[in-house]
Amino acid sequence: LAAGVSAPQITVTVAAAAPLPLAATTALAASDDWKIGGTAYGTLQDAVNDVQDGQTIVMQRDVVVTPENNSSGIRLNANKTYTLDFGGYTLSNSGFTTYLLFFQTGTVTLQNGSVTAGDNALLLNGAATVNILSGNYTAKNDAIYSNGMVVITEGHFVETQSGGDGALNGSI
């Protein structure tokens, strides 16, 4: 521009676009914390929902479970027979006040890892059977509280709060 000549004013108006629906804007990649064969699952609950009789759910890394809508842990309602292999890792919780894993039905074999809970690690209902082949189970109150059937081949069970019921409580 020549001296003394002012540049023309340009006004740009941008219309705000309508917001996209949340589902369209949040595409989360599936986590691979748990696997059945070559299929990855983001949560243990999802894996248990899909497991078939005789299959093994394998943990892929240390997992900390946090409560979403209540103070309870994971309810494993699979009237199936399967194995939960912790793969040498630790399943723990943050913020629960009752249990980490609640077995209500089915027959589950636990092996090869650790479960560490703020209150109770494993809770069993009368219709559930849990076979513990190995592992470390630690909780503030009961490592295992059972109204079901627990068969222990090998394992280490610890209650971290003195004056509680003991590391193993109920029908064991």
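Residues numbered from 1 in each chain as written. Predicted model: local features only at pLDDT ≥ 70, side-chain atom pairs only at ≥ 80, totals over all residues. Heavy atoms only, no water.

Of regular secondary structure, the chain possesses two helices and 15 strands. For the chain, the proportion of its 172 residues judged to be buried stands at 37%. Long-range contacts, defined as pairs at least 24 residues apart, comprise 48% of the intrachain contacts of the chain with a sequence gap of at least 6. Only carbon and sulfur atoms are counted for the fraction: they give 50% of the accessible area of the chain, which is about 9,500 Å². (Helix = DSSP H or I, 4+ residues; strand = E, 2+ residues; numbered from the N terminus. Buried < 20%, exposed > 50% of the residue type's maximum accessible area, 1.4 Å probe, protein only. Contact = heavy atoms within 4.5 Å. Areas by Shrake-Rupley, 256 points an atom, 1.4 Å probe, with all protein chains shown as cover.)

Next up on the list: the environment of Gly87. Here Gly87 shows up in the loop between strand 5 (74-85) and strand 6 (90-93). Sequence-wise, Gly87 and Asn112 are 25 residues apart; in three dimensions their C-alpha atoms are separated by 5.6 Å. If we skip the residues at most four places from it in the chain, Gly87 touches Met59 and Asn112.

Once that is clear, we can look at the packing of aromatic side chains. All chains considered together, the criterion is met by two aromatic pairs. Considering the side-chain rings of Tyr99 and Phe102, the 5.2 Å spacing of their centres and the 55° angle between planes classify their relative orientation as tilted. Each of the two residues, Tyr99 as well as Phe102, counts as buried. Between Tyr137 and Phe157, the ring centres sit 5.4 Å apart and the planes meet at 15°, which makes this aromatic pair stacked. Of this pair, Tyr137 sits in strand 11 (residues 136-139) while Phe157 is found in strand 14 (residues 156-159), placing the two residues 20 residues apart along the sequence. Residue classification places Tyr137 among the buried residues on the basis of a relative accessible area of 0%. (Phe/Tyr/Trp six-rings, centres within 6.5 Å; stacked < 30°, edge-to-face > 60°.)

Below, the discussion takes up unusual backbone geometry. Despite not being glycine, Asn112 shows a phi value in the positive range, around 65°. Locating Asn112 in the fold gives a position in the loop between strand 7 (99-111) and strand 8 (114-117). Residue class for Asn112 comes out partly exposed when judged on its relative accessible area of 38%.

What follows concerns the pairing of strand 11. What you see with strand 11 is a clean split: Tyr137 and Ala139 sit on the buried side and Asn136 and Thr138 on the side with no burial. The sheet contact formed by strand 8 and strand 11 spans four bridges and is parallel. Within the sheet, the bridge partner assigned to Val115 lies in strand 11 and is Tyr137. Pairing between strand 11 and strand 14: four bridges, direction parallel. Its bridge partner lying in strand 14, Asn136 is registered against His156. (Pairing = 2+ DSSP bridges.)

Let's shift gears to the sheet that holds strand 11. Ordered in space as 4-6-8-11-14, the five strands form an open sheet in which the pairing is parallel. With one partner strand each, in any of the chains shown, strand 4 (63-65) and strand 14 form the two edges of the open sheet. Sheet twist, expressed as the mean angle between neighbouring strand axes with direction ignored, is 10°. Direction of pairing for strand 6 relative to strand 8: parallel, over a ladder of three bridges. In the sheet register, Thr90 faces strand 8, and the bridge partner there is Ser114. (Axes fitted to C-alpha atoms, helices over the stretch in contact; angles between N-to-C directions.)

Moving on: the pattern of salt bridges. By the definition in use, this model includes two salt bridges. Between Arg61 and Asp32 there is a salt bridge, and its shortest N-O distance comes to 2.9 Å. With Arg61 in the loop between strand 3 (56-59) and strand 4 and Asp32 in the loop between helix 1 (22-25) and strand 1 (34-36), this residue pair connects regions lying 29 residues apart in the sequence. The salt bridge partner of Arg61 is Asp33, with a shortest N-O separation of 2.5 Å. Of this pair, Arg61 sits in the loop between strand 3 and strand 4 while Asp33 sits in the loop between helix 1 and strand 1, and the two are 28 residues apart along the sequence. You can call Asp33 buried: its relative accessible area is 13%. Put simply, Asp32, Asp33 and Arg61 are held in one network by salt bridges that share partners. (Salt bridge = Lys/Arg side-chain N within 4 Å of Asp/Glu carboxyl O.)

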